[in-house]
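So the chains spell out like this:
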Amino acid sequence: MTTSDSSSSPSSSGTESADLNPSSDPGTNSERVQSQLESMNLSQPSEVSDGSHTDYGGGDDDAEEEEEVASANGNEGGVSNGISVREDGLAGASGEEEVEPSSSRAEHPVEMEAGEEPPSPTSSGYDGERGSSGGATSTYKADDASEDEIREANVDGDTASQHEAAWLPGKRHVDEDDASISWRKRKKHFFILSNSGKPIYSRYGDEHKLAGFSATLQAIISFVENGGDRVNLVKAGKHQVVFLVKGPIYLVCISCTDETYEYLRGQLDLLYGQMILILTKSIDRCFEKNAKFDMTPLLGGTEAVFSSLVHSFSWNPATFLHAYTCLPLPFALRQSTGSILQDVCASGVLFALLMCRHKVVSLSGAQKASLHPDDLLLLSNFVMSSESFRTSESFSPICLPRYNPQAFLHAYVHFFDDDTYVMLLTTRSDAFYHLKDCRIRIEAVLLKSNILSTVQRSIAEGGMRVEDLPIDRRLRQKPSSTSNQGQDTSGPERLRDVSVGTGGPFGLWHFMYRSIYLDQYISSEFSPPVTTHRQQKSLYRAYQKLYASMHEKGLGPHKTQYRRDENYSLLCWVTPDFELYAAFDPLADKAMAIKMCNQVCQRVKELENEVFLQGASPFSW
Amino acid sequence: MASAGNKNINAKLVLLGDVGAGKSSLVLRFVKDQFVEFQESTIGAAFFSQTLAVNDATVKFEIWDTAGQERYHSLAPMYYRGSAAAIIVFDVTNQASFERAKKWVQELQAQGNPNMVMALAGNKSDLLDARKVTAEEAETYAQENGLFFMETSAKTAANVKEIFYEIARRLPRVQPTENPSGMVLPDRAMDRAVSSSCCA
């Protein structure tokens, strides 16, 4: 059922093969027996440890994570439960250490400490280890039933958030708090709190009602800090509790979504960045003046910004690839928009961006100013999620956390239509009329070359499709002389009829190509059989794992990885120039898959002038 | 500022007030004749322009709809400096928003342009049952502080046009030029702050 192949090499490309943890993807459909066997099998290194035990196995972290999840998946039987705390290796010499505090053999795999403080896996696991009594968790009542429900979070819960189209601005479920069963059932919580334990943001529920819960989280963090250490991750059965400390701001994610620790931490980083974008890092000074400072009023009206960012973690690959993506456009059109944006920048504008939803049409920056892809992501999320920008021209202070986290820039935002908007950033607070004038100049160019309708057409047509990939010989026939969109072979050229319902040639379902040098990626459109939002999300999660394992520190650089489970065959190929992530039918032939990947790369290179923004000089960071 | 040339007046107008008082709703009703029940929070400030014909002149309003959120308060001077007019909006169903409005009036009296035309708008006047601030109370306050007061409803459009007309009528007819409409040269923006302090 679940097989993995870790020693493949696309021989045709001459890359080296790399060995990886042969760990399966414990997806939602994974067979119980299988996963149980696996958990017994794989879990052994961590399960033997009873009580406090430190395991300096930095490189095994990933494997252990998977085991934890797997054991939680084996819903029945006496699979013991491992609770592990990962801390910074402040005490240990080498990197990260794995602390395996209490893997008590509980009757139910996920149950914590015999149900004393059941619904708070964090604190119970933690308390179990340190022996500090459950003062921090006193808000909870022992409740076995609700413990069960936490485990079964996927029964109902936030199905709405699983559909991009169903995303509604603003926070939902404000009526919930940590005593609500529905709140506890949520698969993924995000919290921002201050170092005095005051709630700042919670994905679900009313922050003020969660004061007790925030205090609990704060207690955990500060307890470890008092020991001269830092808590990064607590694992409790299926749940991971990820911590991120940013000065006086604490960020916590509690998740049973089976995402990697690295990605969850990356999500907290982005969440923090989004907050900085709204308030700048000078917020730290408020806490210096008054440790009990209440920050919630300062974030008033931004719930939609955060909820849309959290939503994007499940559909926007930019959140883990740390690259941006462009709307496919004819080269000449992108050039002409680029040059007007460059003109605008020459007149004292720091950054000029023409965007279409979350994709870049063109952008330019003042000399020596560079925009980080993460800043771009946060900026477009901010603008796209705030309805207010669409009503008229707006002028708003924003901060680019990667550019300068201390200072505000002023952003002029104007929507040309429902999807396409311009953002002009400047350091001058009095530049509104100048920026408005720049926008008028840009608009004139857009109208003249009819760019807005081309953009609309490109949205409608979508990007590259796996069905359109030429098979072997056809590739030679048609070198991309089509100066027409990135969406090249439309109509008769399509091979849809050959491969209808089965994705592209040789079982290729989807791919993402990230150009390292451009900091951009191109992702193929989803096509059958990956059609529902749930399937897409699951594929992204598989990619995220792949990404994390390829970029893991300490395991050496990996160049290729081929991984097969019951859902996909995944192939990843990393070179100094690009990274390719491709998903195939699980039954796809490996040799053919490797050939296909070479073709994808070749195809992307042929189309690079249309799918990438070339020669954006300020982007050479 | 307002500029008179062939009875064409350009006037910068700023809306101030608490979160949720209805500043954006008032402007959208005035400029686009639209109303949405759940208007989203304004980010930073939104810019609109709208032209009104009064008896003796054509007034082109350049309207700054500021965000009521606390984090934007420090930006307010950027918008009310150099304004010819201000509408301070409060929600008649919310006493706190009325108190907040009084604070804005104080700030404008202390920092703003002395000749500024100030209007106090008691918005959401359609919500009769939920009223917390009486018209008399607001009227008295307005008279004491040299503002004119109107109860408005962006939802029913009651008094929305009227309050802007009334401002247009009260605007001084001769004023120094600022930001001529249409084309604004890049460095004009710098002049705004300067010209703001020299209204005759």
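UniProt annotates chain B under Sequence similarities (unreviewed entry) with the comment "Belongs to the small GTPase superfamily. Rab family."

The name recorded for chain A in an unreviewed UniProt entry is Vacuolar fusion protein MON1 homolog, from Eutrema salsugineum. Per UniProt, chain A carries the Function (unreviewed entry) text "Plays an important role in membrane trafficking through the secretory apparatus." Under Sequence similarities (unreviewed entry), UniProt gives the following word-for-word description of chain A: "Belongs to the MON1/SAND family."

Re the interface of chain A and chain B
Taken together, the 30 residues of chain A in the interface contact 27 residues of chain B. Between chain A and chain B, roughly 2400 Å² of surface is buried when both sides are summed, and carbon and sulfur atoms account for 58% of that area. Here chain A and chain B share zero salt bridges between them. Elements with a contribution of two residues or more to the side of chain A that touches chain B: helix H7 (261-279), helix H12 (373-385), strand E11 (393-398) and helix H13 (432-448) of chain A. Looking at side-chain class alone, the side of chain A that touches chain B contains 11 nonpolar, 13 polar and six charged residues. Pairing analysis gives three bridges linking E11 of chain A to strand E3 (residues 45-54) of chain B, with the strands arranged antiparallel. The partner of Glu393 of chain A across the bridge, within E3 of chain B, is Phe47 of chain B.

Focus on the domain arrangement of chain A
All names here are of chain A. Assigned domains within chain A: domain 1 (181-313), domain 2 (324-461) and domain 3 (502-611). Domain 2 and domain 3 are separated by 30 Å when their C-alpha centres are compared. Tallying the contact residues gives 11 residues for domain 2 and nine residues for domain 3. Buried surface at the junction of domain 2 and domain 3, summed over both partners, amounts to about 780 Å²; 48% is from carbon and sulfur atoms. On the domain 2 side of the interface with domain 3, the three residues burying the most area are Tyr324, Thr325 and Phe331, jointly 54% of the side's total. Between domain 2 and domain 3 we count six residue pairs in polar contact (both at pLDDT 80 or more) in total.

Some points on the environment of Ile192 of chain A
Residues and elements named next belong to chain A. Relative to the elements of secondary structure, Ile192 occurs in strand E4 (residues 188-194). Residues Ile192 and Asp374, spaced 182 residues apart in sequence, show a C-alpha to C-alpha distance of 19 Å. Ile192 has contacts with Lys198, Pro199, Ile200, Tyr201, Ile249, Tyr250, Leu251, Leu271, Met275 and Phe306, leaving out every residue within four places of it along the chain.

A look at the UniProt feature "domain: FUZ/MON1/HPS1 second Longin" (unreviewed entry) in chain A
Following the UniProt record, the feature "domain: FUZ/MON1/HPS1 second Longin" (unreviewed entry) maps to residues 348-441 of chain A here. Span residues 348-441 of chain A is 24% helix and 35% strand, its end C-alpha atoms 15 Å apart.

Description of the environment of Glu107 of chain B
Residue and element names in this part refer to chain B. Of note, Glu107 is situated in helix H3 (residues 95-111). A sequence separation of 31 residues divides Glu107 from Ala76, and the C-alpha atoms of the two residues are 10.0 Å apart. For Glu107, the residues in contact, after removing those within four places along its chain, are Pro77, Tyr80 and Gly112. In terms of polar contacts, Glu107 uses its side chain to reach the side chain of Tyr80, at 2.7 Å.

A few points about the UniProt feature "domain: FUZ/MON1/HPS1 first Longin" (unreviewed entry) in chain A
Feature annotation in UniProt places "domain: FUZ/MON1/HPS1 first Longin" (unreviewed entry) on residues 188-309 of chain A, given in this structure's numbering. Within residues 188-309 of chain A, the helical portion is 40% and the strand portion 26%, while the C-alpha atoms at the span's ends are 13 Å from each other.

With respect to the pattern of salt bridges
One side chain can pair with another of opposite charge once the charged atoms of both are near each other. Residues and elements named next belong to chain A. A full pass over the atoms with the stated rule returns 20 salt bridges over all chains. Lys281 is paired through a salt bridge with Asp284; the nearest N and O atoms lie 3.1 Å apart. With relative accessibility at 12%, the residue Asp284 sits in the buried group. Among the salt bridges present, the one from Arg439 reaches Glu393, with a minimum N-O distance of 3.1 Å. With a gap of 46 residues between them, Arg439 in helix H13 and Glu393 in strand E11 connect regions that are remote in the sequence. For the residue pair Arg439 and Glu393, the accessibility class agrees, reading buried in each case.

Things to note about unusual backbone geometry
Residue and element names in this part refer to chain A. The amide bond that connects Pro528 to the next residue, Pro529, takes the cis arrangement and shows omega of 10 degrees. You can see Pro529 is positioned in the loop between strand E15 (520-523) and helix H16 (533-550). Of note in the backbone geometry, His322 takes a positive phi value of approximately 50 degrees without being a glycine. By the element assignment, His322 lies in the loop between helix H10 (318-321) and helix H11 (331-346). Using a relative accessible area of 26% as the deciding quantity, one classes His322 as partly exposed. With a phi angle near 60 degrees, Asp519 is a residue other than glycine that sits in the positive phi range. Locating Asp519 in the fold gives a position in the loop between strand E14 (508-515) and E15. Note on Asp519: relative accessible area 10%, which makes it buried.

What counts, and where the lines are drawn
- Residues numbered from 1 in each chain as written.
- Chains lettered and ligands numbered in written order.
- Predicted model: local features only at pLDDT ≥ 70, side-chain atom pairs only at ≥ 80, totals over all residues.
- Heavy atoms only, no water.
- UniProt positions renumbered as here; feature names shortened; annotations may be inferred.
- Contact = heavy atoms within 4.5 Å.
- Buried area = accessible area lost by both parts, 1.4 Å probe.
- Salt bridge = Lys/Arg side-chain N within 4 Å of Asp/Glu carboxyl O.
- Helix = DSSP H or I, 4+ residues; strand = E, 2+ residues; numbered from the N terminus.
- Nonpolar A, V, L, I, M, F, W, Y, C, P; charged D, E, K, R; others polar.
- Pairing = 2+ DSSP bridges.
- Domains from an automatic or database assignment.
- Polar contact = N/O pair within 3.5 Å; in protein donor to acceptor, adjacent residues only side chain to side chain.
- Buried < 20%, exposed > 50% of the residue type's maximum accessible area, 1.4 Å probe, protein only.

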